[in-house]
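Below, each chain spelled out in residue letters.
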Amino acid sequence: MDVTRMMRPLLALTAASLALAIFAGLTDRKVNDVKPPAVLLADYAENFNDATRLEMTFAAGISGTRGILIELKNGQWVLPERSDYPANQELVTETLLALADLKAVEARTQKPKWHRALGLVVPEDLGRAMRFKVKSEEGTVLTSLLLGNEQESEAEAKQDVKTYGPQLRQFYAREEGEAQTWLARGRLPRNPNVAAWLDSTLPRHELGQLKSVSFGKGRQEFKLLRVTPDSWSMAGGEAWVSGFQTLQPDEVTKAETINFATAQPMTLRYENGLVIAYENVGAATVIWSRISARVEPIGGQNKTARDAVASLAEDINARFQGWALRFSADRAPVLLPGRETLEGR
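Treat the numbers as computed from the prediction; the structure is a model and nothing was measured.

1. Digging into helix α6 (residues 303–320)
Okay, step 1: Along its 18 residues, α6 runs 26 Å from first to last C-alpha, staying within 8% of the 26 Å computed at 1.5 Å per residue.
Okay, step 2: If you check which residues of α6 are buried, you get Val-309, Ala-313, Ile-316, Asn-317 and Phe-320. All buried residues of α6 project into a common sector of 95° when viewed along the axis, lining one side. For α6, the exposed residues set more than 90 degrees away from the buried face come down to Lys-303, Thr-304, Glu-314 and Ala-318.
Okay, step 3: Those residues of α6 hidden inside the fold are in contact with β4 (85–86), β15 (274–282), β16 (286–295) and β17 (323–328).
Okay, step 4: The distance from a side-chain oxygen at the start of α6 to the backbone nitrogen of Thr-304 is 3.2 Å, and the residue carrying that oxygen is Asn-302.

Listed below in structure tokens is the structure:
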């Protein structure tokens, strides 16, 4: 048997296969064979100081989408859909900076059919992507970025309402209108809850000057008094103070839309004469509050000190008058406590 004659076809087939493999390697570019830019949104990074509008769109499944709109007005970030209530200035600024600082780690697929697997289909098309759209005062879109799944995880990045600066994460992203996808690295907040984007500041004066808190009215009124710098007249005083210090609203509306006719007062009195009054009305699942401030005369107080307290009260009223702040019902021990609760019974 002529073994040489039998080997010739096999050698020819092997050579042909090798040639085809080499040709394919030279002509067929991999879907992620693209050099990543140093900064993912280079054009935006050069112009983000022009931003005056931030639109965030979140997927809501079969319910469609939900969004949060924030605009810059008179030098302050506000929520137009909340009657221009102040936004969380630090969080908005951090978000705009974080977009400018996003790094492209490496390229991913350019094929639209794989976008859904990366969580990069627009939310209006039953996709899971979150959209950050930033515009200038003229309406120019500075960037419209879609954020998808985190690398090796489909868990959506969360940010605690009370915390700034989410951890550095890697996630899939693409600019809207572009097919190219990227593995990106950054610290973008993704919280869909409006509470995170509200200015949660409350008029808390110096805790060391708080001398009493009264609850209720008429015969139902009772008071929590400071006995020493570290103790209160009721067993639950320390717990109440701790709860008050962490109090923050989760929604806001115009005060005129809430019926405060049956509201229960909560009045904080301070050593310098400042009085901060809360009017609290509870519903089945939430508590609404409106806040005002005034000054009570203090014997022996000089004019400079009186004027300073009066100015502080004016600032509080200018900031909070006309607004109703919403708190979850579990804050009732702070806003609507019973005497028995504070007495520790």
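Picking up after the structure, the text goes on.
2. Points about the sheet that holds strand β11 (residues 222–228)
Okay, step 1: A sheet is described by the order of its strands in space; here eight strands give the open sequence β12-β11-β10-β14-β15-β16-β17-β13, paired in antiparallel fashion. The sheet is open, and its two borders are formed by β12 (231–232) and β13 (251–254), each paired with just one other strand.
Okay, step 2: The pairing of β11 with β12 spans two bridges and is antiparallel. Residue pairing across strands places Thr-228 opposite Ser-231, the latter belonging to β12.
Okay, step 3: This element, helix α5 (residues 237–245), spans β10 (210–215), β11, β12, β14 (264–270) and β15 of the sheet and lies at about 95° to β14.
Okay, step 4: Contacts from α6 reach β15, β16 and β17 within the one sheet, and its direction differs from that of β16 by about 150°.

3. Regarding the side chain of Asp-199
Okay, step 1: Assignment of secondary structure puts Asp-199 in the loop between α4 (194–197) and β10.
Okay, step 2: Residue classification places Asp-199 among the buried positions, given a relative accessible area of 15%.
Okay, step 3: Within polar-contact distance, the side chain of Asp-199 engages the side chain of Arg-319 at 3.3 Å.
Okay, step 4: Setting aside anything within four residues of it in sequence, one finds Asp-199 in contact with Tyr-85, Pro-86, Ala-87, Asn-88 and Arg-319.

4. Considering the sheet that holds strand β6 (residues 130–136)
Pairing between the strands of a sheet comes from backbone hydrogen bonds, and it takes one of two forms, parallel or antiparallel.
Okay, step 1: The sheet built from nine strands is open, its strands ordered β4-β3-β2-β1-β6-β7-β8-β9-β5 with antiparallel pairing. Only two strands of the sheet have a single partner each, and these edge strands are β4 and β5 (103–107).
Okay, step 2: Across the sheet, helix α3 (residues 89–100) is in contact with β1 (51–59), β2 (65–73), β3 (76–79), β4, β6 and β7 (141–150); its angle to β3 comes to roughly 100°.

5. A word on unusual backbone geometry
Okay, step 1: The backbone of Asn-74 shows a phi angle near 55°, a positive value even though the residue is not glycine.
Okay, step 2: On the secondary structure map, Asn-74 appears in the loop between β2 and β3.
Okay, step 3: The phi dihedral of Asp-84 falls on the positive side, at around 65°, and the residue is not glycine.

6. Describing the packing of aromatic side chains
Okay, step 1: Using the criterion set out here, one finds six aromatic pairs in the structure.
Okay, step 2: Between Phe-215 and Trp-240, the aromatic rings sit 5.8 Å apart at their centres with planes inclined by 75°, giving edge-to-face as the arrangement. Placement of Phe-215 in strand β10 and of Trp-240 in helix α5 is noted, with a sequence separation of 25 residues between them.
Okay, step 3: Trp-240 sits in the buried class, given a relative accessible area of 2%.
Okay, step 4: Among the aromatic side chains, those forming a connected cluster through ring pairs are Phe-215, Phe-222, Trp-240, Phe-244 and Tyr-278.
Okay, step 5: Geometry around Phe-244 places Arg-204 over its ring, the cationic atom sitting 5.6 Å from the centre.
Okay, step 6: If you follow Arg-319 out to its NZ or CZ, it ends over the ring of Phe-320, 4.5 Å from the centre.

Calculation notes
- Residues numbered from 1 in each chain as written.
- Predicted model: local features only at pLDDT ≥ 70, side-chain atom pairs only at ≥ 80, totals over all residues.
- Heavy atoms only, no water.
- Helix = DSSP H or I, 4+ residues; strand = E, 2+ residues; numbered from the N terminus.
- Expected span 1.5 Å × (residues − 1).
- Buried < 20%, exposed > 50% of the residue type's maximum accessible area, 1.4 Å probe, protein only.
- Arc of directions from axis to C-beta.
- Contact = heavy atoms within 4.5 Å.
- Polar contact = N/O pair within 3.5 Å; in protein donor to acceptor, adjacent residues only side chain to side chain.
- Pairing = 2+ DSSP bridges.
- Axes fitted to C-alpha atoms, helices over the stretch in contact; angles between N-to-C directions.
- Phe/Tyr/Trp six-rings, centres within 6.5 Å; stacked < 30°, edge-to-face > 60°.
- Lys NZ or Arg CZ within 6 Å of the ring centre and 35° of its normal.

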